[in-house]
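Results of the structural survey
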Amino acid sequence: GFNKSHSAAYALIAYQTAWLKTHYPAEFMAATMSADMDSTEKVVTFLQDARAMGLTVLPPDVNSSGYRFIALPGKNIRYGLGAVKGVGEGACEAIVLERERERGGIYSDLADFCERTSSARLNRRTLEALIQAGALDALGRNRPSLLLQLPEVLKATEQAAREREAGQVSLFGNAASSALPGARIALPEADEWPLEQQLAGEYATLGHYLSGHPLDPHRIELAALTGCTLADVDALWRERRDRRGEAQVVLAGMVGLVRRKGDSQAFVQFEDGYGQIEVGFFRESFSEFAALLTRGRILLIDGGLREDEYSGGFSLRARQCWDFQQLCAQQARRLSLQVDLREPGATERLESILAQFRPGGTPLRLSLRTDAASGTLDLNGTSSVRADPQLLGRLRALPGVSDVQLALQRPWAGDSR
């Protein structure tokens, strides 16, 4: 139904964009994401495309990012500051201009950044958004430390501005308009956030997870249960499809967008950081598992995998569903971990975390190591713990603790899936 003028014009554009995408992939994807920075949904889609093309998307950084996405050598793209929610174009341009002006240079710490960009009047909410997005990671020990230091730094910056306006001179005889002396400020520091909290900050400011994924602390257990990721659905379908063109599978992932249609069906965006698939819940499965369909919940879903003629990908028709948190508590058989007792404070930190998950029904197996010897200690009874995904994540982030493994029995044991 297209006339020749339309067909020829679109064919030319298709050829030009395909050529650019093939020969200049980083530049093409950076320009594409920059064109749609105001649409988080489109940026997320383009990010997935970029990674599938073998490109690396680097986090936003006030010392190297511009307002838009920038293509870098080596198939890299630097995230644009303008794609951080709550940071306007004027603020971004002021940050870049100060960094690139003569005698400017990169920002050394949070005090230096706030002092040099004070004329742009970046408010506290904007600065907090930049911190949570990771754009100020190079200026401090970690994000919680930067957030803790921010009030004191802003207070000192405002005081320095008032002194400049009053024409005061510092104790050292220099004009008060000189850079804020960070050495005069006692800046506190804080421990690193748990991964879940850091990713929650990124999601709030970027609309997606950039430095990791909420499933990362649990991939060992999920892989042991399912033996696959959502990147494997094509291979699973080819291997297991029956005469009806359907493959019975169990997939693990996290609930995203949920679209409910009446009181009998729902369609769930299901993703695991490697891929995504739409899962349909109908009638019996909907009535039984509707309470589990909340954003951010980790689920294991048993169902029929089919080709989706509309999208060209795959869809899953749910039959059975398990909440990963509940499954850990009900199906855990043993929690094993290695503890290096040579790490200062390792025992105290470990015991403090384990105490928060007692009493429980999951026995522990500790592989202990010192300079002189190593051995294994089995603990049960009152020393057993309550198996929980949060416990696994906290243990894996603990210095001196390694090889954390939770032995889980499949609730569908005996099934070939």
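Residues numbered from 1 in each chain as written. Predicted model: local features only at pLDDT ≥ 70, side-chain atom pairs only at ≥ 80, totals over all residues. Heavy atoms only, no water.

**Examining the packing of helix 6 (residues 124–133) against helix 7 (residues 143–166)**
Between helix 6 and helix 7, the shortest axis-to-axis distance is 9 Å and the interhelical angle comes to 160 degrees. Taken as axis vectors, helix 6 and helix 7 run roughly antiparallel relative to one another. As for how helix 6 packs across helix 7, the hand of that crossing is right-handed. When helix 6 is examined against helix 7, the residues Arg-124, Leu-127, Glu-128, Ile-131, Gln-132 and Ala-133 are found in contact with a partner set consisting of Arg-143, Leu-146, Leu-147, Leu-150, Pro-151 and Leu-154. Looking at the contact of helix 6 with helix 7 residue by residue, the classes come out as 8 nonpolar, 1 polar and 3 charged. (Axes fitted to C-alpha atoms, helices over the stretch in contact; angles between N-to-C directions. Helix = DSSP H or I, 4+ residues; strand = E, 2+ residues; numbered from the N terminus. Parallel < 35°, antiparallel > 145°, perpendicular 65-115°, else oblique. Left-handed = near helix turned anticlockwise from the far one by under 90°. Contact = heavy atoms within 4.5 Å. Nonpolar A, V, L, I, M, F, W, Y, C, P; charged D, E, K, R; others polar.)

**Quick look at the packing of aromatic side chains**
Pairs of aromatic rings are described using the distance from one ring centre to the other and the angle between the two planes. Scanning all chains against the criterion turns up 7 aromatic pairs. Both rings, one in Trp-322 and one in Trp-412, keep their centres 5.0 Å apart while their planes meet at 45 degrees; by these two values the pair is tilted. With Trp-322 in strand 8 (residues 314–323) and Trp-412 in the segment after strand 12 (401–408), the pair connects residues that are 90 residues apart, well separated along the chain. On the basis of relative accessible area, Trp-322 is assigned to the buried category, the value being 16%. Overall, Trp-412 belongs to the buried group, its relative accessible area being 7%. When the ring centre of Trp-237 is taken as origin, the NZ or CZ atom of Arg-241, which lies over that ring, is 4.3 Å away. (Phe/Tyr/Trp six-rings, centres within 6.5 Å; stacked < 30°, edge-to-face > 60°. Buried < 20%, exposed > 50% of the residue type's maximum accessible area, 1.4 Å probe, protein only. Lys NZ or Arg CZ within 6 Å of the ring centre and 35° of its normal.)

**Some thoughts on the sheet that holds strand 2 (residues 70–72)**
What the 3 strands build is an open sheet, ordered 1-3-2; its pairing is mixed. Among the strands making up the open sheet, the edge pair consists of strand 1 (56–58) and strand 2. Taking the axes of each pair of neighbouring strands and ignoring which way they run, one obtains an average angle of 30 degrees across the sheet. The pairing of strand 2 with strand 3 (residues 76–78) spans 3 bridges and is antiparallel. (Pairing = 2+ DSSP bridges.)

**Comments concerning unusual backbone geometry**
Glycine aside, the phi torsion of most residues is negative, and most peptide linkages are trans. Backbone torsion omega between Arg-358 and Pro-359 reads 0 degrees, so that peptide bond is classified as cis. Following the sequence through the fold, Pro-359 ends up in the loop between helix 13 (346–355) and strand 10 (364–369). The phi dihedral of Lys-75 is positive, around 60 degrees, even though this residue is not glycine. Residue placement: Lys-75 occurs in the loop between strand 2 and strand 3. Residue Lys-75 is classed as partly exposed on the basis of its relative accessible area, which comes to 48%. Phi at Arg-283 takes a positive value of approximately 45 degrees, unusual for a residue other than glycine. Along the polypeptide, Arg-283 turns up in helix 11 (residues 283–289). The exposure class assigned to Arg-283 is exposed, which follows from its relative accessible area of 66%.

**What about the layout of surface pockets?**
When its volume is computed, the largest pocket comes out at roughly 1,000 Å³. Taken together, 30 residues line the largest pocket, and the ones lying closest to its centre are Val-44, Gln-48, His-208, Glu-271 and Gln-276. Of all the secondary structure elements, the ones that give two or more residues to the lining of the largest pocket are helix 3 (40–52), strand 4 (246–261) and strand 5 (265–271). For the lining of the largest pocket, the class distribution of residues is 10 nonpolar, 13 polar and 7 charged. (1 Å grid on protein atoms, 1.4 Å probe; cavity = no way out; pocket = protein on both sides within 12 Å on 5 of 7 lines; lining within 4 Å. Points joined across faces, edges and corners; volume = space filled by probe spheres on them.)

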